[in-house]
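Structural description and commentary
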Amino acid sequence: MNKRHISGTDIRLFLTLDAMLAERSVSRAATRLGLTQSAVSHALQRLRDLYGDPLFVRSSDGMAPTPLALDLAAPLRAGLSELERALNREIRFDPASSQRQFSVATVDHPLLTGMDRVMQRLQSETPGINVRIRPIGAGLAAELGAGSLDTVIAGGEVEQQLALDRGLMRSLIVSEDFVCILRGGHPMAATKRLAMDVFLAQSHLMISTGGRDTGVVDDALGKLGQRRRLALTVPHFVGAPVIVAASDLIATVPRSIGEWGQQQFGLQLLQPPLRLPRAEAFLWWHQRFHNDPAHRWWRKMLLDAYAPLRRRNRIPA
């Protein structure tokens, strides 16, 4: 007998055989399957052709199974049961008992403005879960796809690297306005409203996590035919408040960074004298893990922790 392969067999035939073994009647099997008697009879004939055996013969008690049909009953029922379990299988994730490590690649902005809320919740609700924070680097898309990296939180510095990969998904995690920061004893610290001429007369510090020579402020000024003096460019957000606090430099930063600097160093916050786009960052992940319960839980954890940074308003004039 030639070896049969399931790939070339209609699986519905096995459902019919299982129903016939249980009911020993074409009409009752049809009712059990929600089919017509004609459909069951047709399937039964295909089964007979497949096995070269009548499988069921008429008797005084209905349709009696042949020895071959009886021999098929146990492995058939076991196989269908396993298939049903596979169809209904769900991956379960219990954060309270999990020992999993989650990873996120990011710049220092989220570390200063929201990671404390992440860790406070993890330590109180999920003490076994660990977090690994990595720097932004090359190959992020490949790592997200391979699962060696769970998530990325970043703004424009990763846009070109990640946006072209169709396997990646993203969600807005930070959206806030920009503020100008200066030290408390700065000559302009008592100013309630920063005028454009005063703004341009200052020496500026710029944060460039992606290596650009200019930023959103320069782009906006360029549209007005204006330029500012960039005295210093730093690669990390934390450097801006620290240096501004010890100098007469002025920096234009996302509001949460300005408020962090205000709390730490008593910096003065002023509204920029020109219209700027929102400071935005996105949470990135690969679609392979979109429906994974553990991954879904981790993404929600991050989005919840940074929710305050999606409702940032301008400083009152």
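In this report, the structure presented in the accompanying data block is examined. Keep in mind that this is a model prediction, so the values were computed, not measured. (Residues numbered from 1 in each chain as written. Predicted model: local features only at pLDDT ≥ 70, side-chain atom pairs only at ≥ 80, totals over all residues. Heavy atoms only, no water.)

1. Some remarks on helix 10 (residues 216–223)
To keep it simple, the criterion reads: For every residue, the accessible area (1.4 Å probe, protein chains only) is compared with the maximum for its type, and the residue is labelled buried under 20%, exposed over 50%, or partly exposed between those bounds. In DSSP terms, a helix is any run of H or I states spanning at least four residues, a strand is any run of E spanning at least two, and both are numbered starting from the N terminus. The arc in question is formed by the directions pointing from the helix axis toward the C-beta atoms. Residue contacts follow a heavy-atom distance rule, with two residues in contact if any of their heavy atoms lie within 4.5 Å.
For helix 10, every residue scored as buried is listed here: V217, D218, A220 and L221. Take helix 10 and look down its axis: the buried residues cluster within an arc of 160°, on one side only. On its buried face, helix 10 is in contact with helix 9 (196–201), strand 8 (203–207), strand 9 (229–234) and strand 10 (250–254).

2. Regarding the nonpolar core
Inclusion rule: To qualify as a nonpolar core, a set must consist of buried Ala, Val, Leu, Ile, Met, Phe, Trp, Tyr and Cys residues joined through side-chain atoms within 4.5 Å.
If you look at the biggest cluster of nonpolar residues, it comprises 21 residues, and the most contacted ones within it are L17, M20, L55 and F56. Secondary structure elements with two or more residues in this core: helix 1 (12–23), helix 2 (26–33), helix 3 (37–51) and helix 4 (67–87). Filtering out sequence-adjacent residues up to four positions away, L55 remains in contact with L47, R48, A64, P65, T66, L68, A69 and L72. The next biggest cluster of nonpolar side chains, apart from the first, holds 20 residues, and it includes F102, W297, M301 and A305.

3. Quick notes on the packing of helix 1 against helix 2
When two helices pack together, their arrangement is captured by the angle between the axes and the distance separating the axes. Quick reminder of the rule: In this analysis, axes come from line fits to C-alpha atoms, helices being fitted only over the stretch in contact, and the angle between any two N-to-C directions falls in the range 0 to 180 degrees. Geometric relationships in this document are graded by angle, where less than 35 degrees denotes roughly parallel, more than 145 denotes roughly antiparallel, 65 to 115 denotes roughly perpendicular, and other angles denote oblique. By convention the crossing between two helices is left-handed if the near helix lies anticlockwise of the far one by an angle smaller than a right angle, and right-handed if it lies clockwise. Residue classes follow a fixed rule: Ala, Val, Leu, Ile, Met, Phe, Trp, Tyr, Cys and Pro count as nonpolar, while Asp, Glu, Lys and Arg count as charged, and any other residue, Gly among them, counts as polar.
Look at helix 1 against helix 2: their axes get within 9 Å of each other, and the N-to-C directions meet at 125°. By the angle between their directions, the pair helix 1 and helix 2 is classed as oblique. Where helix 1 crosses over helix 2, the handedness of that crossing is right-handed. Along its contact with helix 1, which presents L15, T16, A19, M20, A22 and E23, the element helix 2 presents V26, R28, A29, R32 and L33. Here the contact of helix 1 with helix 2 is composed, by residue class, of seven nonpolar, one polar and three charged.

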